[in-house]
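Each chain, letter by letter, is given below.
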Amino acid sequence: MQIHINKKYVSIGLLIILVLINFSSNVATALAPKISTQPYQIQLLNNPEPTYDLLIITPTAFSAMLDTLVDHKNSMGIFTHKVTLDEVYQHTTGQGHDEAEQVKLYIKYAIEEWGISYVLLIGGMRHQSMKWHLPVRYVAMDDGWESHYLTDLYFADIYDAEGNFSSWDTDNDGVFGEWAGEEAEDKNIDLIPDIAVGRLPVRNAIEVLIMVQKIIQYEQETYGKPWFKEIVLIAGDTYPEFLNPNWTGYEGEDYAEQALSYLSGFNPTRLYTSNGLLTGPQVVIDTISNGCGLLYFVGHGNPMTWGNHPPNNKTFVTGLSIEHMPKLENMEKLPVCVVSGCHNSQFDVSIFRIFDSLSRYRGEYTPECWSWWLTRKIGGGSIATLGCSALGYTKEDKDSFDGGLNWVEVEFFRQYGQDNQSIIGDAWKHAITNYITTYSPINWDSSITDDSFIDVKVPQSFVLFGDPTLMIGGIPT
Ligand SMILES: [Ca+2]
Ligand SMILES: [Ca+2]
Ligand SMILES: [Ca+2]
Ligand SMILES: [Ca+2]
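Residues numbered from 1 in each chain as written. Chains lettered and ligands numbered in written order. Predicted model: local features only at pLDDT ≥ 70, side-chain atom pairs only at ≥ 80, totals over all residues.

Enquirer: Let's hear about the overall build of the chain: which residues, and what values?
Expert: For the chain, the count of helices and strands is 14 helices and 17 strands. Looking at the chain residue by residue over its 477 residues, the buried ones come to 46%. Taking contacts inside the chain between residues at least 6 apart in sequence as the whole, the part at least 24 apart equals 73%. (Helix = DSSP H or I, 4+ residues; strand = E, 2+ residues; numbered from the N terminus. Buried ≥ 20, exposed ≤ 12 C-beta atoms within 10 Å, placed from the backbone. Contact = placed C-beta atoms within 7 Å.)

Structure follows, in structure tokens:
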């Protein structure tokens, strides 16, 4: 009995203690300042108008590896907020047609909440599977060669001409940027990027670590280095005249010279077929290995290779292919590379596509596309690569014989050299914008011509692999 009573009192005592603990912890919770682990919310307490410049969107698995990059960006005055995909999906639950649209809706939120101007997307395909670390958007424009292609402009063109969210699916059927023949089904997409977007299409954690290290080292150590003032131009006769009397001159070399004309203080090395210096991969490997700040390939490509023709000759001279990437020895002397050619930046390639005959024909059976292999290379390669994710249309493909992919490339160099756009994403954004305002259709019902689909596809497919806030030439010290 006594024992029983004691037990009873003990039980009551324990209950009281538990209630008190619970009460006090509730009081403590209630009295504690509401500080979230989210840095922007901490900032909200101190600053009524928090701002960020750069939003990094990453799969959760890679998030911690990016902390040093965030610290580096903040230290150079690019205020950076990193968010995981899990947080993106949580924030946009129940919204959007699919995960890619959820990412886009989150970018819109980040623009309106924090005033961001740049987005860095972390993630390409998962290893060699056809699954993705980070969502992508394919647009459905069938030009007879390819029924759809990857575009990152989708994640930069957030608002339409009226200032509303631009879904790129105006007929709301879950098919994006759709064209049937030479007619648009999703109409009046203004295309104009509202922010700058770059992507690191990393396939594994090692590539994340490589790129973080390369970007930080590049920005800290490049400024004032003599090698940065070297530019290597690699080109030839893109369209041999014997095939068409309008194709006079050596188009690739002409665009390389145009780009150079906008860059003062750069020392050019011209590897051209017309001067006999572009003879094959070895001279390209040797020249890049010497180090340069800018690199422009102008010719023809596929996901595995790049080359061009000798003057008025259909022979294909290979300049650089994926199997040559390991031979580049430029170490920390990393150029910003622009590559003109079809599909060099088509980042949905995989070795398993070797089992598909069409993919074999198109050179899509490679573990990495040409541009990404160059960018993520250890011990050299590039720091960022701009190129085409799709079939690259040039002025020779247009009735107007004007504009095309080469126009955007040269405009990128002009933005940097003449308009002082030293942040790579700004140069990309302004080059794209000027292309669209110069060439792309305005009313996608009444002002459509045979060239219109090309002038939509060109800006959509010109993709930046790299940090959009990268300071070309490094941070001035
Ligand atoms: Ca649609
Ligand atoms: Ca449709
Ligand atoms: Ca827009
Ligand atoms: Ca020609």
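Enquirer: I'd like a rundown of the sheet that holds strand 13 (residues 305-308), residues and numbers included.
Expert: Overall, antiparallel pairing links the three strands, which are arranged 12-13-14 in an open sheet. Single-partner strands in this sheet number two, and they are strand 12 (300-302) and strand 14 (317-321). Strand-to-strand twist in this sheet, taken as the mean axis angle between neighbours without regard to direction, amounts to 25°. Two strands pair when backbone bridges link them, and strand 13 and strand 14 are joined in this way by four bridges, in the antiparallel orientation. Looking at strand 14, one finds that Asn 308 is bridged to Val 317. (Pairing = 2+ DSSP bridges. Axes fitted to C-alpha atoms, helices over the stretch in contact; angles between N-to-C directions.)

Enquirer: Could you give an account of the packing of helix 8 (residues 251-261) against helix 12 (residues 405-417), naming the residues involved and the relevant values?
Expert: The geometry of helix 8 relative to helix 12 is characterised by a closest axis approach of 8 Å and an angle of 25° between their N-to-C directions. Considering their axes alone, helix 8 and helix 12 lie roughly parallel with respect to each other. For the crossing formed where helix 8 meets helix 12, the hand is right-handed. Residue-level contacts link Tyr 255, Gln 258 and Ala 259 of helix 8 to Asn 406, Glu 409, Val 410 and Phe 413 of helix 12. Taken together, the residues of the contact of helix 8 with helix 12 break down into four nonpolar, two polar and one charged. (Parallel < 35°, antiparallel > 145°, perpendicular 65-115°, else oblique. Left-handed = near helix turned anticlockwise from the far one by under 90°. Nonpolar A, V, L, I, M, F, W, Y, C, P; charged D, E, K, R; others polar.)

Enquirer: Got a sec to walk through the pairing of strand 17 (residues 462-465)? Specific residues and values, please.
Expert: Alternating residues of strand 17 divide into Phe 462 and Leu 464 and Val 463 and Phe 465, and every residue in both groups is buried. As paired strands, strand 16 (residues 384-388) and strand 17 are joined by four bridges and run antiparallel to one another. Following the sheet pairing, Gly 387 is matched in strand 17 by Val 463.

Enquirer: So, the nonpolar core: which residues are in play, and what are the values?
Expert: Counting residues in hydrophobic clusters, the biggest one holds 118 residues, and the most contacted among them are Ile 57, Val 119 and Ile 122. Other than its neighbours up to four places away in sequence, Ile 122 contacts Ile 56, Ile 57, Thr 58, Pro 59, Phe 62, Leu 66, Leu 134, Leu 200, Val 202 and Val 208. (Core = buried A, V, L, I, M, F, W, Y, C linked by C-beta atoms within 7 Å.)

Enquirer: Account for helix 14 (residues 452-461), with residues named and values stated.
Expert: The buried fraction of helix 14 amounts to nine of the 10 residues, a majority that puts the element mostly inside the structure. All of the buried residues in helix 14 are Phe 453, Ile 454, Asp 455, Val 456, Lys 457, Val 458, Pro 459, Gln 460 and Ser 461.

Enquirer: Describe helix 8, and please don't skip the residues or the numbers.
Expert: Along helix 8, the residues that are buried comprise Glu 251, Gly 252, Glu 253, Tyr 255, Ala 256 and Ala 259. Contacts from the buried residues of helix 8 go to strand 9 (230-235), strand 10 (267-272), strand 11 (294-298), strand 13 and helix 12.

Enquirer: I'd like a description of the packing of helix 4 (residues 67-75) against helix 7 (residues 205-221), backed by residues and values.
Expert: The interhelical angle for the contact between helix 4 and helix 7, taken along N-to-C directions, is 20°, at an axis separation of 9 Å. Classed by the angle they form, the pair helix 4 and helix 7 counts as roughly parallel. The handedness of the crossing between helix 4 and helix 7 comes out as left-handed. The segment helix 4 lies against helix 7, with Thr 68, Leu 69 and His 72 engaging Val 212, Ile 215 and Ile 216.

Enquirer: Break down the environment of Asp 450 for me, with residues and values.
Expert: Inspection of the secondary structure assignment puts Asp 450 in the loop between helix 13 (424-439) and helix 14. Taking C-alpha positions, Asp 450 is 7.3 Å from Asp 399, a pair spaced 51 residues apart along the chain. When residues no more than four places from it in sequence are discounted, the contact partners of Asp 450 are Glu 182 and Asp 399.

Enquirer: Explain the confidence of the model for the chain residue by residue, including any values.
Expert: Taken residue by residue, the chain gives an average pLDDT of 91. The fraction at 70 or more is 90%. Residue range residues 1-45 is modelled with pLDDT below 50. Its contacts to residues more than four positions away, or to other chains, number eight contacts. (pLDDT = per-residue confidence, 0-100.)

Enquirer: An account of unusual backbone geometry is needed here, citing residue identities and associated values.
Expert: In the Ramachandran plot, Asn 172 falls in the positive-phi region, its phi being about 55° despite a non-glycine side chain. The residue Asn 172 is located in the loop between strand 5 (149-150) and strand 6 (179-180) in this model. Positive phi, close to 60°, is recorded for His 343, a residue that is not glycine. Examined against the element boundaries, His 343 turns out to sit in the loop between strand 15 (336-340) and helix 10 (357-362). On the basis of neighbour counts, which here come to 28 C-beta atoms within 10 Å, the residue His 343 falls in the buried class.

Enquirer: Tell me about the environment of Cys 292, and please be specific about residues and values.
Expert: Turning to its location among the elements, Cys 292 is positioned in the loop between helix 9 (281-289) and strand 11. Along the primary structure Cys 292 and Glu 230 are separated by 62 residues, whereas in three dimensions their C-alpha atoms are 4.6 Å apart. When sequence neighbours within four positions are dropped, the list of residues in contact with Cys 292 reads Trp 227, Glu 230, Ile 231, Val 232, Lys 333 and Pro 335.

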